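So you can see what is in the structure, the chains are spelled out below.
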Amino acid sequence: MRFHIALTLQALWTGVCQAAMQHYPAAWGHYDVCKSQIYTDEGLTWDYMACQPEATDMTQYLKVTLDPPNITCGDPPETYCALENPYMCNNECDASTDELAHPPELMFDIEGRNPTTFWQSTSWKKYPKALLVNLTLSWNKTIELTDDIVLTFESGRPEQMVLEKSLDYGRTWQPYQFYATDCLDAFTMEPKTVQDLTQHTLLDIICTEDYSRGYVWKNDKTVRFEIKDRFALFAGPRLHNMASLYGQLDTTKNLRDFFTITDLRIRLLRPATGATMVDENNLSRYFYAISDIKVQGRCKCNLHAISCVYDKDKLSCECEHNTTGPDCGRCKRNYQGRAWSAGSYLPIPKGTANICIPNNIGPVTRVCDNELLRCQNGGVCVNNVRCNCPATYSGLLCEKPRCNSELGGCRGPDSGQAPLKPPSALRLLLLLVLGSVLLREAAMP
């Protein structure tokens with residue numbers, strides 16, 4: 001009797017734990033190992049895993065280009081007035097004097113210096129002609145963004161600007177976000193914030209008025225492109241459910257591409273004026289000045305490398321899994337026994353390496369077995385060559401729910417997948433009450 005009760009309690013506890021784990025999924029690892037040696041019936045062999053480089057400050061690897069090229073102040077020397085005080089005109093810019101020069105590289109130096117270092121443009125001396133500046137940041141490498149892009153302006157945030165991205169090394173550009181004091185007037189767009197976005201509208205391009213106030217207050221100097229707030233739409237407000245986010249990135253190409261870039265372009269369209277009208281008698285008040293740019297990310301290596309090297313002004317993945325190329329985007333010579341494929345974050349926690357295999361192995365290559373490479377989610381291994389997957393799953397090992405190909409994931413009633421639901425309070429309460437009753441019975445003589 002007591003043995004039966006103990007088994008019942010164990011089953012109850014397992015049910016409670018599973019319910020709680022369903023509500024609070026474990027966070028995924030950092031994928032910082034590509035392979036490890038394990039013992040099998042065939043002896044010592046390699047166990048391959050998906051892997052990626054750690055995130056880092058990507059501004060140390062970029063090249064910056066300005067258009068027009070002569071837009072930086074100091075040639076000829078120029079005197080500037082303060083935005084908040086048009087009669088305080090004691091700021092000088094002189095490219096021939098180190099202490100008074102403001103070249104582009106000062107956008108990426110160490111913050112916190114005294115006096116502050118920053119890049120500065122020429123003033124708006126050709127008003128009413130627009131003061132237009134394009135700042136292009138190029139990596140000559142595909143990178144994946146992992147944190148907010150942050151621009152710190154030294155003298156008033158622009159009243160109008162656009163952040164753009166390129167995925168093809170600057171050949172074509174797409175807008176990332178519009179910024180303005182009046183979105184309707186500047187871009188004929190209704191103002192929105194990232195908090196207005198949902199899983200299904202994450203890829204929408206918005207115009208925000210949150211970062212365009214022109215006055216120079218201590219906390220009003222930054223302009224952001226909010227990466228983490230977008231991650232939170234899948235991973236939760238504190239990014240505690242990275243499994244959900246990585247699962248979406250793994251299965252939804254448009255979402256993955258949204259956070260992937262080769263170049264960024266900052267289009268400055270109208271400087272801060274601090275008022276509704278431009279003071280034409282003090283045009284030296286109006287200019288752009290940037291003291292810092294932060295871009296956090298990692299080299300895109302298609303989950304085939306844990307490190308990225310910078311050599312001869314160029315970033316390159318140190319590829320594993322018999323892959324090669326700047327992004328590990330193809331199989332090495334003599335390792336083309338099957339078509340190249342990017343690694344997968346799924347299944348938890350190691351992902352799927354999708355290694356390139358030697359040419360001479362041919363069609364008998366072992367894709368699945370009943371030990372290390374099991375077909376998942378009810379899939380059946382056919383001749384060790386492929387997994388025959390149920391209708392609602394796909395992938396090399398049936399690890400991908402088919403409904404994940406839709407932005408927003410497996411939440412719809414027609415997805416074929418049970419939606420992830422937290423355990424109800426009533427269900428947990430009943431389980432705990434039943435457990436308490438059984439414990440009392442077990443304690444009776």
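Each remark here, short or long, concerns the structure printed above.
All figures in this text were calculated on a predicted structure; none of them were measured in a lab.

**Student:** What is the right way to read unusual backbone geometry from this model?
**Tutor:** Peptide bonds are mostly trans, and most non-glycine residues show a negative phi. Backbone torsion omega between Asp67 and Pro68 reads 0 degrees, so that peptide bond is classified as cis. A cis geometry characterises the amide bond from Asp75 onward to Pro76, with omega recorded as 5 degrees. Turning to its location among the elements, Pro76 is positioned in the loop between strand S4 (63-67) and strand S5 (78-80). Residue Asn140 is not a glycine yet carries a positive backbone phi of 55 degrees. Mapped onto the secondary structure, Asn140 falls in strand S8 (residues 133-145). Residue Asn140 is classed as partly exposed on the basis of its relative accessible area, which comes to 44%. In this model, Thr188 sits at a positive phi of 50 degrees, which is unusual for a non-glycine residue. Tracing the backbone shows Thr188 in the loop between helix H2 (183-187) and strand S12 (207-208).

**Student:** Would you mind showing me how to read the sheet that holds strand S13 (residues 222-225) here?
**Tutor:** The pairing of strands in a sheet happens through backbone hydrogen bonds and is either parallel or antiparallel. Judged by pairing direction, the sheet is antiparallel, and its four strands sit side by side in the order S7-S15-S9-S13 without closing on themselves. Each of the sheet's edge strands pairs with one partner strand only, and the pair in question is strand S7 (119-120) and S13. When S7 meets strand S15 (residues 289-294), the two strands line up antiparallel, connected through two bridges. Directly across from Gln120, in S15, lies its bridge partner Ala289.

**Student:** Where do I start with the pairing of strand S18 (residues 314-317) in this structure?
**Tutor:** Taken residue by residue, a regular strand's side chains alternate between the two faces of the sheet. Burial along S18 is one-sided: Leu315 and Cys317 are buried, and none of Lys314 and Ser316, which face the opposite way, are. Across four bridges, strand S17 (residues 308-311) lies against S18 in antiparallel orientation. Its bridge partner lying in S18, Asp311 is registered against Lys314. Two successive antiparallel strands, S17 and S18, enclose a turn made up of two residues, where Lys312 displays a positive phi of approximately 55 degrees.

**Student:** Would you explain the packing of aromatic side chains in this entry?
**Tutor:** The relative placement of two aromatic rings is captured by the distance of their centres and the angle of their planes. A full pass over the atoms with the stated rule returns 14 aromatic pairs. A ring pair is formed by Phe178 and Phe187, whose centres lie 4.9 Å apart and whose planes are at 55 degrees; its orientation type is tilted. Phe187 matches Phe178 in its accessibility class, with the two residues each being buried. Cluster of aromatic residues (ring-pair linked, three or more members): Tyr176, Phe225, Phe231, Phe258 and Phe259. Sitting over the face of the ring of Trp46, Lys35 holds its NZ or CZ atom 4.5 Å from the ring centroid.

About the cut-offs
Residues numbered from 1 in each chain as written. Predicted model: local features only at pLDDT ≥ 70, side-chain atom pairs only at ≥ 80, totals over all residues. Heavy atoms only, no water. Helix = DSSP H or I, 4+ residues; strand = E, 2+ residues; numbered from the N terminus. Buried < 20%, exposed > 50% of the residue type's maximum accessible area, 1.4 Å probe, protein only. Pairing = 2+ DSSP bridges. Phe/Tyr/Trp six-rings, centres within 6.5 Å; stacked < 30°, edge-to-face > 60°. Lys NZ or Arg CZ within 6 Å of the ring centre and 35° of its normal.

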